[in-house]
Amino acid sequence: MSSEYLIDIPGLADMVAAVPVDPADTKHQALLRALRAVPALETVEYATSRDGFSLVQHKVFDAGGALVHDDHRAWLAQEYVNDGARAGVTHQRLRAAGLRLAETEITKLYLVVDRGGAEENFLQLEVEVLVDRMSNQLMGAWGLAPRDMRELVEEARGPMLPLEEQVVVGKPHFQLHRVIDMARFLGVIDAAEGLDREKARAMRFTVTDSTPNADPKPPERVVNYAELDPEFDKYPAKGRRLFKDWAASSAGKSGQRLCRHWVMDFSDAQDKASNERWVSLVPMWTYGKKLARIESRKGSTHALYDKLLSIDRRTGAPFAWFFYMLHGNRVREGAAYRVLEAAEAGQLELPDRDYQVLRRWKDREYGF
């Protein structure tokens, strides 16, 4: 990732790694205490976590449980060279050695430092909890012998170990992943969106009339992007728009801070050949309990609206349901259409600020 929005705090990675992990402490209080002793992080708060991740590389252990290497791919590459680049020989030798692989399981912790003011004025800290767990025998005992290094690596993950042998190796530990300045990242999104729109304005398209029964050889004409989509640049990029809509709606006006309810999954990629860059974000809710999906097509509009308001009550932010709709998981777009139509027909009382956000959304829909 680019360094323009990453915050480098000297010594922070070592400090995080030195904090012991207490598996019983789901809010990671020891980590928070350590972080709050760092200047500029005094108000850091735990937001949420996501699990189910793992490292691509595995650790190699011998039959007695001693660590052989912490990256099975790098280790296999050297073993392959040692055997004269004969993959079959390496495969047969290691398969007979009784070696095992341990998978590194990752839980991602998201913490935020709310610096006040604009909704995007916060730091997002991402810390990983790493746990090494015995998982597989090294090398499968089936199929043809590998012919090269690539096939040797593919064969590395042998049969799963019995459940009773899938034990944790060593102690879980923290690892600092990154610290992101949200305001700076939005600036990068704005800049990338600006470049995309400049390219769009320069585009020209040759079009013809495709109306049925029209001239078999209709005249062609050249149009620009704005003629095809006149309002393509009416609103900011959807990442920026998320923050603007929160600030303008009852959610932001109530004093609820977006970073207490949502953290961001960031994406930043660049094509090496064209140097083209793609940056984006996807919001992830911090609410720690289950939220049922709301069926937007059944029942009366008032019954639907009551269900939407239950999201607001449970999460503690007015108009929160709209942002869950943007996420596209708990609330579907049909709910927003029905609420907007009912409000415009005078059937529902909706604060004007929320009505305006809904109206703009319908004018130019977006979501994540």
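Everything numeric here is computed off the predicted structure, so don't read it as measured data.

Peer 1: Mind showing me how you'd approach the overall build of the chain here?
Peer 2: Scanning the chain from terminus to terminus reveals 14 helices and 11 strands. For 368 residues, the compact-globule estimate of 2.2 N^0.38 gives 21 Å, and the chain exceeds it by more than 25% at 27 Å. If one aligns the C-alpha atoms of the chain with their principal axes, the spans along those axes are about 75 × 65 × 45 Å. Expressed as a percentage of the 368 residues in the chain, the buried residues total 42%. Considering only residue pairs separated by 6 or more positions, the chain has 66% of its internal contacts joining residues 24 or more positions apart. Carbon together with sulfur atoms contributes 50% to the accessible area of the chain, which is approximately 19800 Å² in total.

Peer 1: How do you make sense of the nonpolar core when you look at a structure like this?
Peer 2: Generally speaking, soluble globular proteins have nonpolar side chains that are buried together. Judged by nonpolar contacts, the single largest core of 56 residues is most densely connected at W321 and F322. Sorting elements by how many residues they give to this core places helix α12 (residues 320–327) first, with 7 residues. Contacts of W321, omitting those with residues within four sequence positions, involve Y305, L308, I311, D312, V331, A336, V339 and L358. One finds L12, V16, L109 and L176 within the second-largest nonpolar core, a separate group that totals 22 residues.

Peer 1: Just to check I follow, could you spell out the side chain of E151 for this structure?
Peer 2: Locating E151 in the fold gives a position in helix α5 (residues 149–154). For E151, a relative accessible area of 13% puts it in the buried group. Excluding anything up to four places from it in sequence, E151 contacts A145 and P146.

Peer 1: Explain the packing of aromatic side chains to me, please; I cannot follow it from the model alone.
Peer 2: The geometry of two aromatic rings is summed up by the distance between their centres and the angle between their planes. Counting across every chain of the model gives 16 aromatic pairs. Between the aromatic rings of Y5 and F185, the centroid separation amounts to 4.8 Å while the plane-to-plane angle is 85°, which identifies the pairing as edge-to-face. Within this pair, whereas Y5 is found in the segment before α1 (12–18), its partner F185 is found in helix α6 (residues 182–202), the two being separated by 180 residues in sequence. Overall, F185 belongs to the buried group, its relative accessible area being 0%.

Rules and cut-offs
Residues numbered from 1 in each chain as written. Predicted model: local features only at pLDDT ≥ 70, side-chain atom pairs only at ≥ 80, totals over all residues. Heavy atoms only, no water. Helix = DSSP H or I, 4+ residues; strand = E, 2+ residues; numbered from the N terminus. Rg over C-alpha atoms; globule rule 2.2 N^0.38 Å. Buried < 20%, exposed > 50% of the residue type's maximum accessible area, 1.4 Å probe, protein only. Contact = heavy atoms within 4.5 Å. Areas by Shrake-Rupley, 256 points an atom, 1.4 Å probe, with all protein chains shown as cover. Core = buried A, V, L, I, M, F, W, Y, C linked by side-chain atoms within 4.5 Å. Phe/Tyr/Trp six-rings, centres within 6.5 Å; stacked < 30°, edge-to-face > 60°.

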